[in-house]
Amino acid sequence: MEKKVYSIAGKELRTITLDDKVFGLPVNDDVIYYAVTNELANNRVGTACTKGRAEVHGSNNKPYKQKGTGNARRGDKKSPITVGGGTIFGPKPRDFSYSIPKQEKRLALKTILSMHAQSERLTVVEDFTVESGKTKDLVNILNNFAKDERTVIILKDDDAMLKRAARNIKNVSFLSYNRLRAHDLFYGRKIIVLETAAKNLSEFYAEDKEAK
């Protein structure tokens, strides 16, 4: 697949060849769903906790005698049907995380990249950084490619100054080419890939590492 490479000013510079094994695959909705759901489940804290009948504080004595009052019979004040009583089948702390096959996760990421590349949401931009670390300098660059859109920038390596410049920009996130997240990538409306990162993506995901 041939994609145009743009300067930070938004002008076309050259073309780059992207591997069809990474950017030219058909969209696979199933693996995308599994990968995104897996990431959301793994991010759940799972600390919700309620007290059952045996855990709430209260007396074990009957609130009134069994017969003769005309009321329904009652055991104690900790009954779930009483205000302040225990909770029936309430949530308890648990681990929601689970794993999916690595090849399935890799296929999902390649499918999402292909989907964005084929829909023209993915733009390859020459390598750049923001030496000043100032937000306004990064905003001037992003305005040439995306405005008020959820934007994902794929980096060739960790760039502390670039991330610093984006801290106050809404809807901008960063991903390293070798640590992509299916959720962020799928819901990004604009994907900006640095030129070196695009080459690294082709090399990193094209070969089947699990087969070795």
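Fair warning: this is a prediction, and the values are worked out from it, not measured in the lab.

Conventions used here
- Residues numbered from 1 in each chain as written.
- Predicted model: local features only at pLDDT ≥ 70, side-chain atom pairs only at ≥ 80, totals over all residues.
- Heavy atoms only, no water.
- Helix = DSSP H or I, 4+ residues; strand = E, 2+ residues; numbered from the N terminus.
- Rg over C-alpha atoms; globule rule 2.2 N^0.38 Å.
- Buried < 20%, exposed > 50% of the residue type's maximum accessible area, 1.4 Å probe, protein only.
- Lys, Arg positive; Asp, Glu negative; His and termini not counted.
- Charge placed at Lys NZ, Arg CZ, Asp CG, Glu CD.
- Contact = heavy atoms within 4.5 Å.
- Core = buried A, V, L, I, M, F, W, Y, C linked by side-chain atoms within 4.5 Å.
- Pairing = 2+ DSSP bridges.
- Axes fitted to C-alpha atoms, helices over the stretch in contact; angles between N-to-C directions.

Turning next to the overall build of the chain. Summing up its helical and strand segments, the chain has seven helices and six strands in all. In the chain, the order of α-helices and β-strands from amino to carboxyl end is β-β-α-α-α-β-α-β-α-β-α-β-α. The C-alpha atoms of the chain give 27 Å as radius of gyration, which overshoots the globular expectation for 212 residues (17 Å, by more than 25%). Taken along the three principal axes of its C-alpha coordinates, the chain extends 90 × 45 × 25 Å. Sorting the 212 residues of the chain into buried and exposed places 37% on the buried side. Side chains of the chain carry 38 positive and 27 negative charges; the gap between the two charge centres is 14 Å.

Relative to the assigned elements, Ser 114 resides in helix H3 (residues 102-118). In this structure, the C-alpha to C-alpha distance between Ser 114 and Val 27, residues 87 residues apart in sequence, is 7.2 Å. Non-local contacts of Ser 114, meaning those with residues more than four positions away in its chain, are made with Val 22, Phe 23, Gly 24 and Leu 25.

Counting residues in each nonpolar core, the largest one holds 47 residues, and the members touching the most others are Leu 113, Leu 138, Ile 154, Leu 180, Leu 185 and Leu 201. The biggest single contributor to this core is H3, with five residues. Setting aside anything within four residues of it in sequence, one finds Leu 180 in contact with Glu 39, Leu 109, Leu 113, Ile 154, Leu 175, Leu 185, Leu 201 and Tyr 205.

Strands sit in the order S2-S1-S3-S6-S4-S5 across an open sheet of six strands; the sheet is mixed. Two strands in the sheet have a free side with no partner beyond their single neighbour: strand S2 (12-17) and strand S5 (172-176). Between one strand axis and the next, the sheet turns through 30° on average, direction left out of account. Summarising the sheet, strand S1 (residues 2-6) and S2 pair through five bridges and their orientation is antiparallel. Note that in S2 the partner of Val 5 across the bridge is Arg 14. Sheet contacts for helix H7 (residues 195-206): S1, S2, strand S3 (122-125), strand S4 (151-155) and strand S6 (190-194); angle to S6, the most-contacted strand, approximately 90°.

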